[in-house]
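Understanding the architecture of this molecule
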Amino acid sequence: MYIVLKLLAIQGLLGAFDTLYYHEWRAKLPGAYEIAAPELRLHAARDFIYTIIFGTLPFLEWHGAWAGLLGIVLCSEIVITLADFAVEPKVRLQLGGVPAGEKTTHAVMAIVYAVILVNLVPIILSWSGLPTEYAPCEIADRLPLRYCLSAMAFAVMLSGLRDLLSSYGIKSFAWPWADRR
């Protein structure tokens with residue numbers, strides 16, 4: 001599980017870079033909410049999934065039926081990402097396009113996610129045969145990683161709220177990029 005958590009931290013760092021540099025600084029997506037609403041809503045949905053993943057896996061094991069639910073959450077991230085790959089070029093066409101570096105960042109993030117799944121799926125399968133419950137994750141000696149992923153869970157939740165609320169035109173959540181049309 002420790003490898004999965006380290007990979008999740010790497011994914012979180014890549015996601016933070018992608019969000020702060022490409023989505024916020026370069027594209028200023030929250031300020032282009034009339035154009036970018038479909039992309040912002042997909043980002044928000046994915047952010048909420050990562051909030052669950054980052055916020056629970058360092059602390060809890062999903063046993064029994066909960067393992068199946070975790071599998072659904074992980075598969076939902078894939079579906080949302082694929083939808084984002086389809087929506088993003090259309091949205092960004094009106095905003096100057098998707099930079100090559102952003103496409104590369106997305107490809108690297110997809111690869112890291114695949115490696116996370118390769119390591120996590122066998123763990124989930126072993127959990128699925130246990131009685132349905134949440135059990136404490138046995139990585140007590142990995143407290144810095146727990147704190148790091150907890151901070152990432154909180155940050156990605158805030159980012160998701162910002163994207164969701166700005167997608168509905170709430171201008172205070174588009175700050176400082178308000179009215180970028």
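These notes cover the structure that comes with them.

Thresholds, definitions, all that
Residues numbered from 1 in each chain as written. Predicted model: local features only at pLDDT ≥ 70, side-chain atom pairs only at ≥ 80, totals over all residues. Heavy atoms only, no water. Helix = DSSP H or I, 4+ residues; strand = E, 2+ residues; numbered from the N terminus. Rg over C-alpha atoms; globule rule 2.2 N^0.38 Å. Buried < 20%, exposed > 50% of the residue type's maximum accessible area, 1.4 Å probe, protein only. Areas by Shrake-Rupley, 256 points an atom, 1.4 Å probe, with all protein chains shown as cover. Lys, Arg positive; Asp, Glu negative; His and termini not counted. Charge placed at Lys NZ, Arg CZ, Asp CG, Glu CD. Polar contact = N/O pair within 3.5 Å; in protein donor to acceptor, adjacent residues only side chain to side chain. Phe/Tyr/Trp six-rings, centres within 6.5 Å; stacked < 30°, edge-to-face > 60°. Lys NZ or Arg CZ within 6 Å of the ring centre and 35° of its normal. Axes fitted to C-alpha atoms, helices over the stretch in contact; angles between N-to-C directions. Left-handed = near helix turned anticlockwise from the far one by under 90°. Contact = heavy atoms within 4.5 Å. Nonpolar A, V, L, I, M, F, W, Y, C, P; charged D, E, K, R; others polar. Disulfide = S-S within 2.5 Å. Expected span 1.5 Å × (residues − 1). Bend = angle between axes of the 7 residues up to and from the residue.

Let's shift gears to the overall build of the protein. Tallying secondary structure elements over the protein gives five helices and two strands in all. Secondary structure elements of the protein occur, N-terminal to C-terminal, as α-α-β-α-α-β-α. Here the protein has a C-alpha radius of gyration of 17 Å; the compact-globule value for 181 residues is 16 Å, and the two agree. Dimensions of the protein along its principal axes, counting C-alpha atoms only, are 50 × 25 × 25 Å. For the protein, with 181 residues in total, the buried portion stands at 45%. Carbon and sulfur atoms make up 72% of the accessible area of the protein, which amounts to about 9,000 Å² in all. Each charge class in the protein was averaged separately, 14 positive and 15 negative side chains, and the resulting centres sit 8 Å apart.

Right, let's talk about the side chain of Thr81 for a bit. Within the element layout of this structure, Thr81 appears in helix α3 (residues 65-93). Overall, Thr81 belongs to the buried group, its relative accessible area being 13%. Here Arg46 takes part through its side chain, which lies 3.1 Å from a polar atom of the side chain of Thr81.

Applying the stated criterion to the full structure yields seven aromatic pairs. Taking 5.3 Å as the distance between ring centres and 85 degrees as the angle between the ring planes, the aromatic pair formed by Trp62 and Tyr134 counts as edge-to-face. Of this pair, Trp62 sits in strand β1 (residues 60-63) while Tyr134 sits in strand β2 (residues 133-136), placing them 72 residues apart in sequence. Pairing Trp66 with Tyr134 gives two aromatic rings, centres 4.8 Å apart and planes at 20 degrees, and the pair type is stacked. Here Tyr134 lies in strand β2 and Trp66 lies in helix α3, a separation of 68 residues in the sequence. For Tyr134, a relative accessible area of 36% corresponds to the partly exposed category. Every member of this aromatic cluster is reached through a ring pair, and the members are Phe17, Tyr21 and Tyr22. Geometry around Trp25 places Lys28 over its ring, the cationic atom sitting 5.0 Å from the centre. Over the ring of Tyr168 we find Arg41, and its NZ or CZ is 4.0 Å from the ring centre.

Remark: helix α1 (residues 2-26) packs on helix α5 (residues 143-167), axes separated minimally by 10 Å, with the N-to-C direction vectors making an angle of 35 degrees. α5 is crossed by α1, and the crossing has left-handed handedness. Where α1 approaches α5, its residues Tyr2, Leu5, Lys6, Leu8, Ala9, Gly12, Leu13, Thr19 and Glu24 are matched on the opposing element by Leu145, Cys148, Leu149, Met152, Ser159 and Arg162. Looking at the contact of α1 with α5 residue by residue, the class counts come to nine nonpolar, three polar and three charged.

Further remarks concern the state of the cysteines. Throughout the structure, instances matching the rule amount to zero disulfides. Summary of cysteine pairing: Cys137 is not part of a disulfide, and the nearest cysteine sulfur, belonging to Cys148, is at 15 Å. Of the residues examined, Cys137 reaches a relative accessible area of 5% and is grouped as buried.

Next up on the list: α3. In this model, α3 (29 residues) spans 43 Å end to end at C-alpha, consistent with the 42 Å of a helix rising 1.5 Å per residue. When the local axis directions of α3 are compared, the greatest deviation, roughly 30 degrees, occurs at Val87, which is followed within four positions by the proline Pro89. Taken as a whole, α3 has its buried residues at Ala67, Leu70, Val73, Leu74, Glu77, Ile80, Thr81, Asp84, Glu88, Val91 and Arg92. Looking at the packing, one finds that the buried side of α3 touches α1, α2 (33-56), β1 and α4 (100-128).

A few words now on the environment of Cys137. Residue placement: Cys137 occurs in the loop between β2 and α5. The sequence separation of Cys137 and Leu57 amounts to 80 residues, and the corresponding C-alpha distance is 7.3 Å. Dropping the residues within four chain positions of it, Cys137 is found in contact with Met1, Leu57, Pro58, Phe59, Leu60, Glu61 and Arg146.

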